Amino acid sequence: MAIELTTRVIKADAAAIDAAAGCLARGGLVAFPTETVYGLGADAADGIAVARLYAAKGRPAFNPLIAHVPDLAAARRLARFDPAAERLAAALWPGPLTLVLPKAEGCPVAELATGGLDSIAVRVPDHAVARDILVAFGRPVVAPSANRSGHVSPTAAQHVLADLRGRIDLIVDGGATPVGVESTIVACLGAPTLLRPGGVPRAAIERVLGHALSEAPHQDLTDEGEAPLAPGQLASHYAPRSPLRLDARNVAAGEALLAFGPKPPGGAAHMLNLSAHGDLIEAAANLFSHLRALDAVGASAIAVMPVPHEGLGEAINDRLRRAAAPRP
Ligand code: TXA
Ligand code: MG
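Residues numbered from 1 in each chain as written. Chains lettered and ligands numbered in written order. Predicted model: local features only at pLDDT ≥ 70, side-chain atom pairs only at ≥ 80, totals over all residues. Heavy atoms only, no water.

Trainee: Quick question: what am I supposed to make of helix 6 (residues 157-164) here?
Mentor: Because each turn of an α-helix spans 3.6 residues, side chains separated by three or four positions end up pointing in the same direction. Regarding helix 6, the residues found buried are Ala157, Val160, Leu161, Asp163 and Leu164. On its buried face, helix 6 is in contact with strand 1 (8-11), strand 2 (30-33), strand 3 (38-43), helix 2 (47-57) and strand 8 (170-173). Once helix 6 finishes, Gly166 follows within two positions and takes phi at roughly 85 degrees, a positive value. (Buried < 20%, exposed > 50% of the residue type's maximum accessible area, 1.4 Å probe, protein only. Helix = DSSP H or I, 4+ residues; strand = E, 2+ residues; numbered from the N terminus. Contact = heavy atoms within 4.5 Å.)

Dropping the structure here:
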């Protein structure tokens, strides 16, 4: 998969904000400053743009992404807030705090961006450039840190350029990011739980809550590290109920088929094709929604055709392998 774009770097002024919003609307990839680190933004509702974002980062797995919005009202369209989440948002947004919450009914964010999960990470950044882009664009923007997989998070436009030149469309240069570490991530899916330490100190969060945060069981929550793969250990992995049969070249009686490419085998009562013309970007964009849809038909198993292990195929195969692993 050849990615060769001309990456423009522009100073953060009014014209740059318009250019960034226009680029996002066309499905482009835009790096922009937040108060923590530079983010690499894409239209959260555009599965193809999200797939291109994973390809640009060069990460061999689909880690769920944070949806960035300009204010609490916009966040409510994506996620459901329990009383603890309400208090944290009221006290600490805008700011370097990400909340992991149950997805709202009708949440427009692409399945790929949330890793097929029923939860979503949301944040309101406290940076004028980020906010202006979000307001101008008018829809949620998913943005991981704007670095290549395995590299450290960028705190200056030059870091982004060094990592992602030729792989993204635009870098909005708003100078050095003031906080310099990523946002603190707290899950409010039950007892509020610290998933990643970051820009808001734990004590500040506990003061707002009036009690201690729960500790997450050890898991990989940096998007850079290798995942510790005890299957099923990671709450953040979508798992279908139907068993998956990988590398399928035929369909057994009672099986549904998750196909890839122009020549799927016949015989499946239920078949969905990740990409009829073998496009891995399109396949990534379809992966979780197709898995969900086939899981819902109640087949004896989901037969999955082989997906080439190149480009985004590596991340697709990673997720398929995890989804196929036996559960404890
Ligand atoms: O400061 C930040 O948070 C920066 C700026 C750009 O906003 N963004 C950032 O994104 O650090 P990223 O993708 O590098 O890290 C997001 C983390 C990942 O470790 C991911 O696993 C976790 O958030 N995450 C996202 N959605 C999740 C979910 N539904 N459940 C658990 N963890 C989630
Ligand atoms: Mg990161």
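Trainee: Would you mind going over the nonpolar core with me for this structure?
Mentor: If you look at soluble globular proteins, the nonpolar side chains tend to sit buried side by side. Core analysis: the biggest nonpolar cluster contains 78 residues, and Phe62 and Leu99 have the highest contact counts within it. At 8 residues, helix 8 (residues 280-295) tops the list of elements feeding residues into this core. Residue assignment places this core across two domains, with domain 1 (8-232) and domain 2 (238-324) each supplying three or more. Apart from residues no more than four positions distant in its own chain, Leu99 is found in contact with Phe81, Ala85, Leu88, Ala89, Trp93, Ile120, Ala121, Val122, Val186 and Cys188. With 17 residues, the next largest nonpolar core counts Cys23, Ala130, Leu134 and Val172 among its residues. (Core = buried A, V, L, I, M, F, W, Y, C linked by side-chain atoms within 4.5 Å. Domains from an automatic or database assignment.)

Trainee: Any chance you could explain the sheet that holds strand 8 here in plain terms?
Mentor: Strand pairing in a sheet takes place through backbone hydrogen bonds and is either antiparallel or parallel in direction. Overall, mixed pairing links the 11 strands, which are arranged 1-8-2-3-7-4-6-5-9-10-11 in an open sheet. The sheet is open, and its two borders are formed by strand 1 and strand 11 (214-215), each paired with just one other strand. Against the sheet, helix 2 touches strand 3 and strand 7 (141-142), its axis set at about 150 degrees to strand 3. Contacts from helix 6 reach strand 1, strand 2, strand 3 and strand 8, with the element oriented near 165 degrees to strand 8. (Pairing = 2+ DSSP bridges. Axes fitted to C-alpha atoms, helices over the stretch in contact; angles between N-to-C directions.)

Trainee: What am I meant to see in the environment of Cys23 here?
Mentor: When you line up the elements, Cys23 lands in helix 1 (residues 14-25). Judged by its relative accessible area of 9%, Cys23 is buried. Here the alpha-carbon distance between Cys23 and Ile120, two residues 97 residues apart in the chain, equals 24 Å. Setting aside residues up to four positions removed in sequence, Cys23 forms contacts with Gly28, Leu29, Val30, Asp169 and Leu170.

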